[in-house]
Amino acid sequence: MKSKELSVDLRGRIVLRHKSGEGYRKTSAVLKVPMSTVVSIIRKWKKLETTRTLPRAGWPSKLSDQGRRALVREVTKNQMVTLSEIQRSSVERGEPSRRTTISAAIHQSGLYGRVARRKPLLSKRHMAAHLEFAKRHLKDSQTIRNKILWSDETKIELFGVNARRHVWRKSGTIPTVKHGGGNIILWGCYSAAGNGRLVRIKGKMTAAMYRHILDENLLQSALDLRPGRRFFQQDNDPKHTAKLSKEWLQDNSVNVLEWPSQSPDLNLIEHLWRDLKMAVHQRFPSNLMELERCYKEEWAKLAKDRCAKLVASYSKRPEAVIAAKSASTKY
């Protein structure tokens, strides 16, 4: 790797020692500078009578100003355009096709390739609810957290780990991008004792379907994991808060954990979903039947200690929410 350039002051001290008759080896040892660097600086001083960094002309760019503007327009208009597609467009315009030349030109305009994120849109009301929830649950004991059954739905796409697509953007901007393709929708739950049932959702999810999922899987998961007095976590999806769902939860004496809206970052099962998706896509399923077989096998393989560690780390989520709020009030 190329090292950083020496300061002007240090270069001047090297020259002064040389003028006083000190040898290269001693100067190198005293100033802790490689001897080859000392020799190079003194040679430059003898030839040019300066130790300052001189302007470097460099090789002239083969990309025209018009071609550079065309590149910037293309990535600005379509942030998900790939470098290969940009390369083909450049060739069609008769411009240079080297990937390094194209990348350098785009970077000079302040655009860089980044992974597109999905993030919830938070209103002031959501932020206030998150802060209140974080303060209330920060002091929850580990014993209570161990009794919670965490649940949620997720989508596993056939190709790619959901939303991991690169886009061109300027620093400090985070675009939200959604992707299509073949996929499977799942409902699952887990606790500190391990993972519970996992169910594929076929067709459009309704309140009646959600009630059926709870009836067939939630109670059995609770029996398998034995969390004691049950606390059930679910988000505020309309199907979860529908009258049918509420009635079933009340009839079965399930204590539902109060949950703020737009808060996937607080739900521990999101990390388990990520583990599952990574494991599935490392097997490269080629169709939906293979995808279904893979997710069932990988869900069964998820380690119990991973579940326990996630639950043990729960206090970090409320702490992060409170810290973020404190930081925002300083500015």
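Residues numbered from 1 in each chain as written. Predicted model: local features only at pLDDT ≥ 70, side-chain atom pairs only at ≥ 80, totals over all residues. Heavy atoms only, no water.

Where an unreviewed UniProt entry is consulted, the protein appears under the name TC1A transposase, with the organism given as Polypterus senegalus.

**A closer look at the overall build of the protein**
Secondary structure summary: the protein contains 14 helices and seven strands in total. Relative to its full complement of 331 residues, the protein shows a buried share of 37%. Within the protein, counting contacts between residues at least 6 apart in sequence, those at least 24 apart form 72% of the total. Summing over all exposed atoms, the protein offers an accessible surface of approximately 20300 Å²; the carbon and sulfur share of this is 53%. (Helix = DSSP H or I, 4+ residues; strand = E, 2+ residues; numbered from the N terminus. Buried < 20%, exposed > 50% of the residue type's maximum accessible area, 1.4 Å probe, protein only. Contact = heavy atoms within 4.5 Å. Areas by Shrake-Rupley, 256 points an atom, 1.4 Å probe, with all protein chains shown as cover.)

**Digging into helix H12 (residues 288-301)**
Taking 1.5 Å of rise per residue, the 14 residues of H12 would be expected to cover 20 Å, and the 20 Å separating its terminal C-alpha atoms lies within 8% of that figure. For H12, the complete set of buried residues consists of Leu291, Glu292, Cys294, Tyr295, Glu298 and Trp299. Buried residues of H12, seen end-on, are gathered within an arc of 165 degrees and therefore sit on one face of the element. Along H12, exposed side chains directed more than 90 degrees from the buried face belong to Met289, Ala300 and Lys301. Buried positions along H12 lie against strand E2 (148-157), strand E4 (183-191), strand E5 (194-201) and helix H11 (269-281). One side-chain oxygen of the residue at the start of H12 lies 3.1 Å from the amide nitrogen of Met289, identifying that residue as Asn287. (Expected span 1.5 Å × (residues − 1). Arc of directions from axis to C-beta. Polar contact = N/O pair within 3.5 Å; in protein donor to acceptor, adjacent residues only side chain to side chain.)

**What to know about the environment of Leu149**
Here Leu149 is to be found in strand E2. Between the C-alpha atom of Leu149 and that of Gln234, which follows or precedes it by 85 residues, the distance is 8.8 Å. Aside from chain neighbours lying at most four places away, what touches Leu149 is Tyr190, Ser191, Leu218, Ala222, Leu225, Phe231, Phe232 and Gln233.

**Structural notes on the packing of helix H4 (residues 65-77) against helix H5 (residues 83-92)**
Where H4 meets H5, the axes come as close as 11 Å, and the angle between the chain directions of the two elements is 140 degrees. Here H4 and H5 pass one another in a crossing that is right-handed. Taking contact as the criterion, the partners of Leu71, Glu74 and Val75 in H4 are, on H5, Glu85, Ile86 and Ser89. Its residues assigned to classes, the contact of H4 with H5 comprises three nonpolar, one polar and two charged. (Axes fitted to C-alpha atoms, helices over the stretch in contact; angles between N-to-C directions. Left-handed = near helix turned anticlockwise from the far one by under 90°. Nonpolar A, V, L, I, M, F, W, Y, C, P; charged D, E, K, R; others polar.)

**Considering the pairing of E4**
Among the nine residues in E4, seven count as buried, and that is most of the element. Direction of pairing for E2 relative to E4: antiparallel, over a ladder of eight bridges. In the strand pairing of E4, Glu153 is matched with Trp187. Note that E4 and E5 share six bridges and pair antiparallel. Bridge assignment links Leu186 to a residue of E5, and that residue is Arg200. Between the end of E4 and the start of E5, which pair antiparallel, lie two residues. (Pairing = 2+ DSSP bridges.)

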